[in-house]
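Descriptive structure summary
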Amino acid sequence: MKGRAAVATIVVLAALGAFGATTENTYYLSVGYSIFLYVALASSWNVMSGFTGYTSFGHVAFYGVGAYTAAILMFDHFWSWAPAFLAGGLAAALLAAVIGWPCLRLKGPYFAISMLGIAEVLRIVGLTWESVTYGGTGIPLLSALSLRGFYFLMGGVALAAVGVTLAVSRTRFGLRLLALREDEVGAETMGINTTAHKLAAFVLSAVIPGIAGGIDASRVGFIEPISTFNVFITIQMIIMTMFGGRATVLGPVIGAVVLSVVREALWARYPYDYQALFGVLIIALVLFMPEGVMGVVQARRRAAKVPAP
Amino acid sequence: MSPALLAQGLVTGVLLGGVYALVALGLTLIFGVMRVINVAHGTLLMVGAYVTFTAANGLGMNPLASLLVSAPLLFLLGVLVQRFVVERVVGAPELQGLLVTFGVSIILINLALRVFKPDIRAVTYLSGSLTLGGVAFSVPRLIAFAVAVAATAAAMLFLKRSRLGKAIRATAQNQTVAVVCGVDVKRIRLVAFGLGAALAGVGGSLISIMYAIYPEMGSLYTLKAFCVVVLGGLGSYLGALLGGVILGLAESFTGLYVGTQAAEAVAYLLLVAVLLVRPQGLLGERRQ
C-alpha cells in the first residue's frame, strides 16, 4: 500500500509537471494555479482547525497580511519577488504568534468570533492606514513571473502544504493535537502542554497562507483591502477541507480540486447566481456529508474489515 | 471637551444604541436556544431594510407602517430557515452552524442583488432635527430609537411573562429539563429563530430610514451584533441591551473625537478586546 501510494504520488506530480511545462492553454494554466492556491490554503487551515478543532473563522487574515507585506516590500522598497514572498510568510507567522497567544485561550464559538473579528479589523486597517497600505486605492504590482512560472511556484507551495500536513499527521505532535481536539482537559492531564501545541499549530498553519498571499497578490497584479480580506476566502478553505475530510492529508487536496472546478464551472455558467449556488452547496455538504469524502471512505474501509456476522 | 459636545455624543450614542440593542437581542435569543452563531443575522436585517424600501418607495406606504409587514415576513423567513436548515445542525459542532448560516446569508444576498441590483438606496422619510438645549436630535434617529425601545420592551415582556416566552427561556437554560417538563423544544426553536429574525428585520426597517442600504450591508451589522452580544455575554438578554448602548456610545464618541472611519472599527476592536479581557461578557456567566 505504501509503495503504491508513493508511485501514485510520483505519477500525479510528473503528470502535473509535464502538463504545466508543455500546455499553451493559458486558461488551464490559470485554473491549475488557482487549484494549487486553494490546496495550499485549505491544507493550512486543516493543520490548525482540522487537527485541533479550534475553528479559525478568519484565516484569510494570514493570506491578506502576507499579500500586503509582499506587495509593500515590492512596490515601495523594490524587493525582488522571492524574499518578498518569504517575508509575507514570516509576517503571517508573526501575526499568528501575536494573536494566538491571547485568542487561543478562548474556546469554541468565542475563538471563531474573535478570528472573524481580527480579519475584519485588518480589512479596516488596510482601508484607513493609507500612508502604508494606500487604502482603498490599492497597490498595483508588476507580475513577477510568467503564468507558467506562477503555476510551478504555487504548485511547489501546495506541495509544501501537503508535506506539512503529512508530517503533522505522522508525528506525535499531530496525535497530541488530535488528543486535545477530542478532550482538552484530558490531554492536559496526560501531560501535554496544550497551549504550546495549539500555538505551534496556529503559527504553522499561518506561514503558507502568508507566502501564498504574496504570490497571489503578484499574480493578480493589484491588491486592495476589501477583496484581499474577503471572508469568502476563509469559507472556501473551510468548506474544501470539510468536503475532503478534516484532519486527513488528502482531504483538503480532494476538496480544493473538486470545489475549485465546481466554482469555476458555476462562475462561468451562472455569473449572476453562482454565489447563491455555492451557498446551496455549502448547506448541502454540511447537512448531508459532514465527515467529507475521506470520512465516507474510512467508514467503508472499517466496514469491510469487520467480517459480516 | 465642551459639555455641549459631550451631551451631543451621549444623545447620538444612546439613540444609535437602542437600535443595536434590538438587533442584538435577536442574535442572543437565537444563540441561547440553539447554541448556533447566526452569521446570517445582518443579512436578515438587510432583508427587513429592503422590505421597508419596497413598501415605502414602491407602494407608497409609510415606512413606519411597513414594520407591520417586515416583522411577520421576517418571522416567517426565520421559521423556514430554522425548519429546513438550522434545525439539522442543532447540537453539532459550532463550525456547522457557522457554515450553514453563512450559506443562507450568501443565498439571500445573491437574491437581493438580483432583485434590487447592487445600487445603494435610501428611504426618504422625515429629515431634519430638533434642537434642545444646544443638543441636536435627528428626527429619524429619534423615531427609530423610540420604535426600537418599544419593540425591545415588547419582546422582553413576551420572554418574561408569556407561557411561550417562559418555555423559550427554559429551553435556553436547560434543554433536557425543558423536555422533561413537557416543552416541545423543536417548536420552541422555530419560534425562537422566527422571533430573532423578526427583531433583525425590524432593526433593518429602522436602519433604512437612517442610513443608505445595499445588498451587502449585512456583514457590517452581523459583526456589530456579535460585538454587542459578546459585550453583554452570549445568551444574556439584558446584556444585549447594555451592550447595544455601550457600542452606540463608543461609536459616537470615537466619531466625534477621532473620526468617522475610526468609528467604524470601534465595534471590532471592542469585540476583540472584550473577548480577551472578559470572554463571558459583562453580564454572562462563566461556564466551561
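What counts and how
- Residues numbered from 1 in each chain as written.
- Chains lettered and ligands numbered in written order.
- Predicted model: local features only at pLDDT ≥ 70, side-chain atom pairs only at ≥ 80, totals over all residues.
- Helix = DSSP H or I, 4+ residues; strand = E, 2+ residues; numbered from the N terminus.
- Rg over C-alpha atoms; globule rule 2.2 N^0.38 Å.
- Buried ≥ 20, exposed ≤ 12 C-beta atoms within 10 Å, placed from the backbone.
- Contact = placed C-beta atoms within 7 Å.
- Pairing = 2+ DSSP bridges.
- Nonpolar A, V, L, I, M, F, W, Y, C, P; charged D, E, K, R; others polar.
- Arc of directions from axis to C-beta.
- Core = buried A, V, L, I, M, F, W, Y, C linked by C-beta atoms within 7 Å.
- pLDDT = per-residue confidence, 0-100.
- Axes fitted to C-alpha atoms, helices over the stretch in contact; angles between N-to-C directions.
- Parallel < 35°, antiparallel > 145°, perpendicular 65-115°, else oblique.
- Left-handed = near helix turned anticlockwise from the far one by under 90°.

Digging into the overall build of chain B
Each helix and strand counted, chain B has 11 helices and two strands in total. The C-alpha atoms of chain B give 18 Å as radius of gyration, which agrees with the globular expectation for 288 residues (19 Å, within 12%). Across its three principal axes, chain B shows a C-alpha extent of roughly 60 × 45 × 35 Å. Per-residue burial for chain B yields a buried fraction of 55% across its 288 residues. Considering only contacts in chain B between residues 6 or more positions apart, those separated by 24 or more positions represent 77%.

Some points on the pairing of strand β2 (residues 135-138) of chain B
Across a regular strand the side chains alternate sides, sitting on one face of the sheet and then on the other. With four bridges connecting them, strand β1 (residues 129-132) of chain B and β2 of chain B associate as antiparallel partners. Bridge pairing in β2 of chain B links leucine 132 of chain B to valine 135 of chain B.

As for unusual backbone geometry
Positioned with a positive phi, tyrosine 134 of chain A is a non-glycine residue whose angle comes to about 65 degrees. Along the chain, the position of tyrosine 134 of chain A falls in the loop between α6 (130-133) and β1 (139-140). In this structure, arginine 35 of chain B is a non-glycine residue whose phi angle is positive, near 60 degrees. Looking at where arginine 35 of chain B falls in the secondary structure, it is placed in the loop between α1 (3-34) and α2 (41-58).

With respect to the interface of chain A and chain B
When the parts of a complex come together, some accessible area is lost, and that lost area is often taken as the interface size. At the junction of the two partners, chain A supplies 32 residues and chain B supplies 33 residues. For the side of chain A that touches chain B, the secondary structure elements donating two or more residues are α5 (108-128), α12 (231-244) and α14 (274-288) of chain A. Here the element with the most residues in the side of chain A that touches chain B is α5 of chain A; it accounts for 12 residues. Along the lines of polarity and charge, the residues of the side of chain A that touches chain B split into 23 nonpolar, seven polar and two charged.

Digging into helix α6 (residues 163-173) of chain B
All names here are of chain B. Within α6, the full set of buried residues consists of Ala167, Ile168, Thr171 and Ala172. All buried residues of α6 lie within an arc of 135 degrees about the axis, which places them on one face of the element. Exposed residues lying more than 90 degrees from the buried face of α6 are Arg163 and Gln173. Looking at the buried positions of α6, the neighbouring elements they touch are α1, α5 (139-161), α7 (175-180) and α8 (185-208).

Quick notes on the nonpolar core
Residues Ala40, Met154 and Val157 of chain A together with Val23 of chain B are the most contacted members of the largest nonpolar core, which totals 202 residues. With 15 residues, the single largest contributor to this core is α1 of chain B.

Digging into the environment of glycine 203 of chain B
Residue and element names in this part refer to chain B. Structurally, the position occupied by glycine 203 is in helix α8. Between the C-alpha atom of glycine 203 and that of leucine 25, which follows or precedes it by 178 residues, the distance is 10 Å. Discounting chain neighbours no more than four positions away, the residues touching glycine 203 are Val19, Leu22, Val23, Leu45 and Gly48.

Remarks on the confidence of the model for chain B
Per-residue confidence for chain B averages 88 on the pLDDT scale, and 98% of its residues sit at or above 70. Helix α3 (residues 67-84) of chain B holds the highest mean pLDDT among the elements of chain B, 95, whereas β1 of chain B holds the lowest, 77.

Comments concerning the packing of α12 of chain A against helix α13 (residues 250-269) of chain A
All names here are of chain A. Where α12 contacts α13, the two axes come as close as 7 Å, and the packing angle between them is 115 degrees. When the axes of α12 and α13 are compared, the pair comes out roughly perpendicular. Considering how the two elements wind past one another, α12 and α13 form a crossing that is right-handed. Contacts from Ile239, Met240, Thr241, Phe243 and Gly244 in α12 reach Leu250, Gly251, Pro252, Val253, Ile254, Gly255, Ala256, Val258 and Leu259 in α13. In terms of residue class, the contact of α12 with α13 is made up of 10 nonpolar, four polar and no charged.

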